[in-house]
Amino acid sequence: MSAPISVVIPTLNAADRIGPCLGALSEALLEGLLREVILVDGGSEDAIGDVAEAVGAKLIEAPRGRGTQLAAGAAAAQGAWLLFLHADTVPGPGWVGAVQRHMMEFPDRAGWFRLRFDDDGFAPRAVAGWANLRSGLFGLPYGDQGLLVPRSLYRQVGGFPEIPLMEDVALARRLKGKLRPLGAEAATSAERYRRDGWLRRGARNLSTLGMYAVGVPPETLAKRYERR
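Predicted model, so just to flag it, every value in this text is computed and none were measured. Residue positions within a chain follow its written sequence, with the count starting from 1. Two thresholds apply to this predicted model, a pLDDT of at least 70 for residue-level local features and 80 or more for giving and counting side-chain atom pairs, whereas whole-chain, interface and lining totals are computed over all residues. Hydrogens and waters are ignored; side-chain quantities use all the structure's heavy atoms.

Focus: empty space enclosed by the protein
Vacant regions in the atomic arrangement are exposed by a probe of water-molecule size rolled over the atoms. Think of a 1 Å grid over the protein atoms and nothing else: a 1.4 Å probe that fits but is trapped marks a cavity, an open set flanked by protein within 12 Å on at least five of seven lines marks a pocket, and residues with an atom within 4 Å of a point count as lining. Grid points are joined across faces, edges and corners, and a volume is the space filled by probe spheres set on the points. This model, assessed by the stated rule, comprises one cavity of 30 Å³ or more. In this structure, the largest cavity occupies an estimated 120 Å³ of space. As for the largest cavity, its lining consists of 13 residues, of which Tyr142, Gly143, Leu147, Phe160 and Asp168 are closest to the centre. The element that contributes the greatest number of residues to the lining of the largest cavity is helix α8 (residues 167-174), accounting for three residues. Only Asp, Glu, Lys and Arg are considered charged in this grouping, and only Ala, Val, Leu, Ile, Met, Phe, Trp, Tyr, Cys and Pro are considered nonpolar; every other residue, Gly among them, is considered polar. The residue makeup of the lining of the largest cavity, split by class, is nine nonpolar, three polar and one charged. Runs of H or I in DSSP of at least four residues are treated as helices and runs of E of at least two as strands, each being numbered from the N terminus.

The structure is reproduced here in structure tokens:
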């Protein structure tokens, strides 16, 4: 029987920070779960090709934008399950066991990791706590929490829309009622929060979500997002 999981990671000049994410996947390889790792590059100017070759990952190219890149990676994947990760998101201890249990107990459901940041203090814990609460209460996990989904379900709901921003929320909406928490954490980089300030970054993300919810086009939100 073929290994069930295809991992899809969108990249853009991520060669210097993707190492921990790729390293965390080795446990799944040893357990016979990892069929392939697909890096979907959006026009990097770094050594991502060398990284892909070194770890045996498949490298494909797609127009820049997470929605477009993720959709391209999913289309190329062969596994029965798709695990979408950001390049700076690292599945934590016990993640393989949590994924195995999910696949056995909920074969027709998608799953997300509890979020934590690679930083200490009240602000990282508070922001991660809100993200986990939002995911559980409203079924809206973000992409930095990872997403495990059966390929059949992914296709059934239409997959990732090819939009420049909010592709994770759009897919979560399509998966409404078919999402469950995985029994493990994923650590994501706090670099942007440290750079922008935890309060400012959090308010910015919340306002972007609110504008998207009332119908502001993702293209408009992306331009606003990039200006800041």
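From this point on, the discussion continues.
Quick look at the packing of α8 against helix α10 (residues 198-213)
Two quantities define a packed helix pair, namely the angle between the axes and the distance from one axis to the other. To get an axis, fit a line to the C-alpha atoms, keeping to the stretch in contact for a helix; angles then go from 0 to 180 degrees between the N-to-C directions. Remark: α8 packs on α10, axes separated minimally by 11 Å, with the N-to-C direction vectors making an angle of 55°. In terms of axis orientation, α8 runs oblique to α10. At the point where α8 passes α10, the crossing takes the right-handed sense. Along the contact surface, α8 presents Val169, Ala170 and Arg173, while α10 presents Leu209, Tyr212 and Ala213. Note on angle classes: values under 35 degrees are labelled roughly parallel, values over 145 roughly antiparallel, values of 65 to 115 roughly perpendicular, and the remainder oblique. With the far helix as reference, a near helix turned anticlockwise by less than a right angle produces a left-handed crossing, and one turned clockwise produces a right-handed crossing. We call two residues contacting when some pair of their heavy atoms lies within 4.5 Å.

Overview of the pairing of strand β4 (residues 81-84)
Relative accessibility under 20% of the residue-type maximum defines a buried residue, over 50% an exposed one, and the middle range a partly exposed one, all with a 1.4 Å probe and only protein chains included. What you see with β4 is no split at all: Trp81 and Leu83 on one side and Leu82 and Phe84 on the other are buried throughout. The pairing criterion for strands is at least two bridges between them, as found by DSSP. Bridge analysis of strand β1 (residues 5-11) against β4 gives four bridges, and the strand direction is parallel. Bridge pairing in β4 places isoleucine 5 opposite tryptophan 81.

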